[in-house]
Amino acid sequence: MTSIGIMTCGGDCPGLNAAIRGAVFRARERDATVIGFNYGFEGLVHDKWTALSRQNTWEILNRGGSILGCSGENPFRDNPEEADAAVATFKKHGLDSLIVIGGNSSMGTALRAEDRGIPIVGIPKTIDNDVEGTDITIGFDTAVATAAEAIDRLRTTAESHDRVMIIETMGRDFGWIAVAAGIAGGADITLTPEEPIDVAAVAQAIRVRQERGMEFTIIVIGEGATFKGEDVQYGSHLPGERYLHLSGVGAALADHLEALEPLRWKLTVSVIGHLQRGGPPSAYDRVLASRFGVRAVDAALDGHHGNMVAMRNGKITLTPLTEVAGKLKAVDRDLMKDAYTFTESIRS
Ligand code: F6P
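Residues numbered from 1 in each chain as written. Predicted model: local features only at pLDDT ≥ 70, side-chain atom pairs only at ≥ 80, totals over all residues. Heavy atoms only, no water.

1. A closer look at the pairing of strand β13 (residues 307–312)
Put simply, the rule reads: Categorising residues by exposure relies on relative accessible area from a 1.4 Å probe, with only protein chains included: less than 20% of the type maximum marks a residue as buried, more than 50% marks it as exposed, and the intermediate range marks it as partly exposed. Think of it this way: any DSSP run of H or I at least four residues long counts as a helix, any run of E at least two long counts as a strand, and we number them from the N terminus. Any two strands with at least two DSSP bridges between them are considered paired.
Most of β13 is tucked away: five of the six residues are buried. Across two bridges, the pairing between strand β6 (residues 120–124) and β13 is parallel. Bridge pairing in β13 places Gly122 opposite Met308. The loop that links β13 with its antiparallel partner strand β14 (residues 315–320) comprises two residues; one of these, Asn313, has a positive phi angle of about 50 degrees.

2. Some points on the side chain of Asn307
To be explicit about the condition: Under this definition, polar contacts are N or O atom pairs within 3.5 Å; protein pairs additionally need one hydrogen-donor-capable and one acceptor-capable atom, and for neighbouring residues in sequence, both atoms have to be side-chain atoms. Contacts are assigned to residue pairs with any non-hydrogen atoms lying within 4.5 Å of each other.
Along the polypeptide, Asn307 turns up in strand β13. Asn307 gets classed as buried once you look at its relative accessible area, which sits at 14%. At a separation of 2.9 Å, a polar atom in the side chain of Asn307 contacts the main-chain carbonyl oxygen of His304. Each residue touching Asn307, except ones within four places of it in the same chain, is listed here: Ile120, Val121, Gly122, Leu318, Thr319, Pro320 and Leu321.

3. So, the packing of aromatic side chains
To keep it simple, the criterion reads: Here the aromatic set is Phe, Tyr and Trp, taking the six-membered ring for Trp, and pairing holds for ring centres within 6.5 Å; pairs whose planes are under 30 degrees apart are stacked, those over 60 apart are edge-to-face, and all others are tilted. Our definition puts a charge over a ring when NZ of Lys or CZ of Arg is within 6 Å of the ring centre and also within 35 degrees of the ring normal.
Taken as a whole, this structure holds four aromatic pairs when the rule is applied. Seen from their ring centres, Phe227 and Tyr234 are 6.1 Å apart, and the 85 degrees between their planes marks the pair as edge-to-face. Residue Phe227 is classed as buried on the basis of its relative accessible area of 3%. Judged by relative accessible area, Tyr234 falls into the partly exposed class, the value being 22%. The ring of Phe25 is capped by Arg21, whose NZ or CZ atom sits 4.7 Å from the centre of that ring. It is Arg209 that lies over the ring of Phe216; its NZ or CZ is 5.2 Å from the centre.

4. Here's the deal with the packing of helix α7 (residues 140–161) against helix α8 (residues 176–185)
Here is the rule: Simply put, an axis is a line fit to the C-alpha atoms, just over the touching stretch for a helix, and the angle between two N-to-C directions goes from 0 to 180 degrees. Roughly parallel covers angles under 35 degrees, roughly antiparallel covers those over 145, roughly perpendicular covers 65 to 115, and oblique covers all other angles. Here a crossing is taken to be left-handed if its near helix is turned anticlockwise relative to the far helix by less than a right angle, and right-handed if that turn runs clockwise.
One can describe the packing of α7 onto α8 by two numbers: an axis separation of 8 Å at closest approach and a directional angle of 50 degrees. In terms of their interaxial angle, α7 and α8 are classed as oblique. For the pair α7 and α8, the crossing hand works out as right-handed. Across the interface between the two elements, Phe140, Ala143, Val144, Ala147, Ala148, Ile151, Asp152 and Arg155 of α7 pack against Trp176, Ile177, Ala180, Ala181, Gly182, Ala184 and Gly185 of α8.

5. Some thoughts on the sheet that holds strand β12 (residues 267–271)
Strand order across the open sheet formed by four strands is β8-β9-β7-β12, with parallel pairing between neighbours. Edge positions in the sheet fall to β8 (189–191) and β12, since each of these pairs with one other strand and no more. On average, adjacent strands in this sheet sit at an angle of 20 degrees to one another, irrespective of strand direction. Summarising the sheet, β8 and strand β9 (residues 217–222) pair through three bridges and their orientation is parallel. Counterpart to Ile189 in the pairing with β9 is Ile219. The sheet contacts of α7 involve β7 (164–169), β9 and β12, and relative to β7 the element is tilted by about 165 degrees. Its contacts with the sheet place helix α10 (residues 249–260) against β7, β8, β9 and β12, and it is angled at close to 150 degrees to β7.

6. Section: the side chain of Gln210
Counting through the fold element by element, Gln210 comes out in helix α9 (residues 199–211). On the basis of relative accessibility, which here comes to 18%, the residue Gln210 falls in the buried class. Among all residues touching Gln210, those that are not within four sequence positions of it are Glu215, Arg264 and Trp265.

7. Describing the domain arrangement of the chain
Applicable threshold: Each domain's extent was defined by an automatic or database domain assignment. Two parts placed together each lose some accessible area under a 1.4 Å probe, and the buried area is that loss summed for both. The term salt bridge refers to a pairing of a side-chain nitrogen on Lys or Arg with a carboxyl oxygen on Asp or Glu at a separation within 4 Å.
Segmentation of the chain into domains returns domain 1 (2–139 + 281–323) and domain 2 (141–278). Taken together, the contact pairs 13 residues of domain 1 with 13 residues of domain 2. A combined buried area of about 1,100 Å² lies between domain 1 and domain 2, and 51% of that area is made up of carbon and sulfur atoms. Taken together, domain 1 and domain 2 are joined by one salt bridge. Arg277 is paired through a salt bridge with Asp12; the nearest N and O atoms lie 3.0 Å apart. Counting the contacts that link domain 1 with domain 2 gives nine residue pairs in polar contact (both at pLDDT 80 or more).

Structure representation (structure tokens):
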């Protein structure tokens, strides 16, 4: 019987479990078995796994996070012993292929695994929606809905107290969430990593609104945004970690505005952070993830490894991992242009 491994890599997002379930259901339909490695490639290196069946995946469709656990471990980067261990585990289980559910850096790891003889099929996931080669990733739709709801809720306070409400969304390298949630939540100003922020222009936009009688302003800012002339991303390192956890650009904007005109603005900052990554997936994400899971198994069983399942122009298709790895997908220019109709201070 054909056996397939599956894992969830990088940060969690809504829809991972739906993708696992989709893969398990399709595998069973095609007489294959699936085992899940725990914590991404870490599970493959240390041979930590869970047998998956329809029984233990039936109920996980609407559950956030991943029943397998997530990690961004990359044994193929600079650890030859771990890379050998990963290959050995794959062989030990007699697996025919491995489905890697991950974001852009995990697709890079997946390509290295493929180069080491592990036949890979990728499934793109990340709330950031910045994976190259697919129009949309698992988790983005839910994150945008969560961020838009947060804006709705913060708006009532902004309106009632004439506040300048700064709402910091996730989105490490590009402003997909900020731009989409900005449209959906009716932001007045949207600031993204694509364009360094001109604080004077932001202040002017707020003033113009006030002159027109709109005392409150909703500013949505992507966590990866930078200020003109500064070129630094705001965040912090956990002890011993090289990885920068982003957070704080919203507070920095408040500081910059305050410095420009002390005591002029009633500034309030909300960082919605990991709320965007948690909770049940939207109906759209459940459908997308389920279908990606099904098609990943088809690709694995039909010999189309070395590819990532992808949504392109409304159709599910395959994109070679070589076209995905090491790349990031910037916000669509048309989306940026359309968003500019509703918000100040973003450019395409
Ligand atoms: O890539 C998804 C994402 O949520 C980014 O938007 C964010 O910068 C990052 O992950 C946060 O990761 P962590 O929780 O490890 O800081």
